[in-house]
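# Chain and residue survey
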Amino acid sequence: MENTLTDPQVAKSYKSIVPQGNYIDGKWLQGNDNNTLKIIDKYDGSLIQEVPMADEAQMEQALSASVQAFEEMKSWSAGKRASMLQLLHSKLKEKRNLFADLIVAEAGKPISYALNEVDRCLVTIETAITESVRFGGEYIPMDFAAGEGKTAFTKRFPIGPIACISPFNFPLNLALHKIAPALAVGCSVVLKPAPQAPLSCMAFAELCHQAGYPAGAINVLACDIPVAEKLVTDERMKMLSFTGSPQVGWHLKNIAGRKKVVLELGGNAAVIVDETANIEEAAKLTAKGAYLYAGQICISTQRIFVQESVYDQFAKTLLKEIENLKTGDPTKQDVLVGPVIDRGHLNRIAQWVDEAREKGAQVLTGGNVIDEAHNLYAPTLLTGTNKDMKVVWEEVFGPVAVIEKVKTFAEALEKTNDSQFGLQAGIFTNNLDRMKLAHEELEVGGIMINNIPGFRIDSMPYGGVKSSGLGREGIKYAMEEMTEARLLVY
């Protein structure tokens with residue numbers, strides 16, 4: 001097994017898996033001009049790689065290749081789809097630590113969490129393998145009335161090439177939540193990875209190449225917005241799967257035309273703590289849920305509502321847990337709070353916290369840039385906030401959370417719903433009736449009992465309501481989106 005970044009002698013060993021160019025139609029291509037994207041190490045600022053930016057002609061090449069590949073892949077047996085995915089799984093497993101090191105460098109993710117991401121990627125592919133051989137249609141009861149004597153069932157067929165756009169914060173696993181189900185049903189993929197961290201996806205494309213997928217089965221290319229919009233608008237793409245900001249996601253839906261659209265967008269996830277909760281456990285999980293990876297997770301804990309009878313105890317315990325979090329170099333095993341992705345986001349986070357201060361919020365801890373050179377912002381907890389503040393109403397996507405006192409559990413539910421978002425929520429309670437009430441009342445895609453909203457298993461249905469998205473991911477659920485049922489009656 002390869003060493004990890006904890007060994008300084010191999011700190012740049014990940015460069016052995018970083019390919020040159022964009023992967024289009026089974027080939028690694030350079031750009032048609034000198035337009036490149038510089039990918040830097042998010043902690044030390046060193047240059048990792050310059051990636052050529054694909055132009056419209058190369059996007060056209062990728063789209064055409066995906067159509068040709070789909071014509072071959074759509075007739076593959078379930079057994080062949082599963083065996084090809086198994087090859088991918090084996091190749092990724094061999095390179096596990098190198099991929100983790102690359103994720104640390106390009107995304108600034110702490111090494112322990114990066115290793116966890118690659119392990120989740122392996123589970124994602126394993127789940128796709130399992131689903132590929134059991135995924136199917138259904139028997140339709142019809143033997144009555146006008147259908148008497150008839151038999152009917154559906155078979156699911158892949159819809160065609162899938163247009164995919166993935167974010168920086170899980171540069172490999174969130175891409176695989178699009179790629180793995182597509183390959184499991186026989187759809188080809190054209191993927192635009194995040195400009196901040198595209199190399200993990202590109203390195204994975206090389207694994208697809210080595211596994212023997214046909215040219216065009218997967219295409220991964222960096223490109224500017226006008227070229228990316230061609231990917232979204234082209235009618236040969238039969239579905240858009242996008243993970244990113246609400247502003248971009250809803251815009252892309254508007255221009256996507258008649259294709260299917262699945263959007264996994266942002267959130268300002270809430271945690272509720274009532275008087276029956278295990279305070280120590282709730283505080284420990286909430287601290288991690290709010291500040292892990294500098295809060296750059298769409299289901300990071302951002303809003304915390306605590307019943308007044310346990311507020312003081314919880315707040316004191318939470319502050320102690322926050323103070324115990326290690327912030328700094330993401331290559332260190334004990335660091336959980338690494339750098340913000342870039343200087344622009346660092347400045348925005350600082351501005352939003354300053355705005356909250358000016359409007360009357362109290363800083364309980366943090367509230368400052370720790371190290372501008374390394375894009376480190378202190379884990380920050382605010383109180384005395386309201387929804388006129390960006391730190392409450394918008395998605396911070398940084399190491400910032402707010403905590404407020406509520407009189408009743410019903411008030412906590414009401415405040416949780418008072419949001420433009422609705423992705424996931426965490427409820428710390430040992431009251432069964434409150435658990436059931438939360439399930440009935442909360443306007444979110446998922447509710448985690450005695451856990452943080454950041455809990456996710458890669459096979460579960462995942463997605464939000466309101467501004468948080470449209471449709472569901474999770475391997476089986478994505479496979480349903482990427483196929484269509486065809487009815488047979490005889």
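Read on for a plain summary of the structure. All values reported here derive from a predicted model rather than from experimental measurement. Within each chain, residue numbers correspond to sequence positions counted from 1 in written order. Side-chain atom pairs in this predicted model are given and counted only at pLDDT of 80 or more, local residue features only at pLDDT of at least 70, and totals for whole chains, interfaces and linings cover all residues. As a convention, hydrogens and water are excluded, and side-chain values are obtained from all of the structure's heavy atoms.

### Notes on the overall build of the protein chain
Where helices and strands are cited, they refer to DSSP runs of H or I of at least four residues and of E of at least two residues respectively, numbered from the N terminus. Helix and strand counts for the protein chain stand at 15 helices and 23 strands. All radius of gyration figures rest on C-alpha atoms, and the globule criterion is 2.2 Å times the number of residues raised to 0.38. Compactness check: the protein chain gives a C-alpha radius of gyration of 23 Å against a globular reference of 23 Å for 490 residues, within 12% of the reference. Along the first, second and third principal axes, the C-alpha set of the protein chain runs to 70 × 65 × 40 Å. Any residue under 20% of the maximum accessible area for its type is buried, any over 50% is exposed, and the rest in between are partly exposed; the area is computed with a 1.4 Å probe on protein chains only. Out of the 490 residues in the protein chain, the part that is buried amounts to 58%. Between two residues, a contact is recorded if the distance between any of their heavy atoms is within 4.5 Å. Contacts spanning at least 24 positions in sequence make up 74% of the contacts within the protein chain whose residues lie at least 6 apart. Of the roughly 19,400 Å² that the protein chain leaves accessible, carbon and sulfur atoms contribute 50%. All accessible areas in this document rest on Shrake-Rupley with a 1.4 Å probe, and a residue is counted as covered only by the protein chains that are shown.

### Section: the packing of aromatic side chains
In this scheme Phe, Tyr and Trp rings, the latter by its six-membered ring, pair at centre separations within 6.5 Å, and the angle between planes marks the pair as stacked below 30 degrees, edge-to-face above 60, and tilted otherwise. Tallied over the full model, the rule gives five aromatic pairs. With a centroid separation of 4.9 Å and an interplanar angle of 50°, the aromatic rings of Y23 and W28 are classed as tilted. Overall, the relative accessible area of 26% leaves W28 in the partly exposed class. With a centroid separation of 6.1 Å and an interplanar angle of 40°, the aromatic rings of W76 and Y213 are classed as tilted.

### Looking at the pairing of strand β17 (residues 400-406)
Of all seven residues in β17, six are buried, a share of seventy percent or more. Where strand β12 (residues 303-307) and β17 come together, five bridges link them in parallel fashion. Paired with F305 across the strands is E404, a residue of β17. Looking at chain direction, strand β16 (residues 380-383) and β17 are connected through three bridges and run parallel. Bridging across to β17, T380 finds its partner in V400. At least two DSSP bridges between two strands are needed for those strands to be called paired.

### Some details on a nonpolar patch on the surface
On the surface, Y139, F153, L488 and Y490 cluster together into a nonpolar patch covering about 440 Å² of accessible area. Among the structural elements, L488 can be located in strand β23 (residues 483-489). Patch definition: residues above 30% relative accessible area lacking any salt bridge, with like charges linked at up to 9 Å and the nonpolar side chains Val, Leu, Ile, Met, Phe, Trp and Tyr linked at up to 5 Å. The rule for a salt bridge is simple: a side-chain nitrogen of Lys or Arg has to be within 4 Å of a carboxyl oxygen of Asp or Glu.

### Comments concerning the sheet that holds β17
Consider a sheet: its strands pair through backbone hydrogen bonds, and that pairing is either parallel or antiparallel. With mixed pairing, seven strands are arranged side by side in an open sheet as β13-β16-β17-β12-β11-β19-β20. Single-partner strands in this sheet number two, and they are β13 (362-365) and β20 (446-449). Taking each pair of neighbouring strands and ignoring which way they run, the sheet shows an average axis angle of 25°. Lines fitted to C-alpha atoms define the axes here, with helix axes fitted over just the stretch in contact, and angles between the N-to-C directions of these axes take values from 0 to 180 degrees.

### Considerations on the packing of helix α1 (residues 56-73) against helix α7 (residues 225-233)
Where α1 contacts α7, the axes come no closer than 9 Å and their chain directions differ by 25°. One way to sum up the angle between α1 and α7 is to call them roughly parallel. Once α1 is placed against α7, the crossing between them reads as right-handed. Judged by residue contacts, E56, M59, E60 and L63 of α1 engage V227, A228, K230 and L231 from α7. Under the grouping applied here, Gly and all other residues not named as nonpolar or charged are polar, the nonpolar ones being Ala, Val, Leu, Ile, Met, Phe, Trp, Tyr, Cys and Pro and the charged ones Asp, Glu, Lys and Arg. Residues belonging to the contact of α1 with α7 are distributed by class as follows: five nonpolar, no polar and three charged. Roughly parallel means an angle under 35 degrees; roughly antiparallel, over 145; roughly perpendicular, 65 to 115; everything else is oblique. Crossing handedness follows the turn of the near helix against the far one: under a right angle anticlockwise gives a left-handed crossing, and clockwise gives a right-handed one.

### Thoughts on the pairing of strand β4 (residues 47-52)
Residues in a regular strand project their side chains so that they alternate between the two faces of the sheet. The sheet contact formed by strand β3 (residues 36-40) and β4 spans five bridges and is antiparallel. Residue K38 lies in a different strand from β4, and its bridge partner there is E50.

### Details of α1
Taking 1.5 Å per residue as the helical rise, α1 with its 18 residues ought to reach 26 Å, and the 25 Å between its terminal C-alpha atoms agrees with that figure. With a side-chain oxygen positioned 3.2 Å from the backbone nitrogen of A57, the residue opening α1 is D55. Helix span, as expected, comes to 1.5 Å for every residue beyond the first. Throughout this description, a polar contact denotes any pair of N or O atoms lying within 3.5 Å of each other; where both atoms belong to protein, one of them has to be capable of donating a hydrogen while the other can accept it, and for residues adjacent in sequence the pair is counted only when both atoms sit in side chains.

### A word on the side chain of T416
By the secondary structure assignment, T416 is in helix α13 (residues 409-417). The exposure class of T416 is buried, given its relative accessible area of 4%. Non-local contacts of T416, meaning those with residues more than four positions away in its chain, are made with A270, I272, R303, F305, A425 and L442.

### So, the state of the cysteines
In this description, a disulfide is simply a cysteine sulfur pair whose atoms lie within 2.5 Å. Tallied over the full model, the rule gives zero disulfides. Left without a disulfide partner, C298 is nearest to the cysteine sulfur of C121, which lies 15 Å away.

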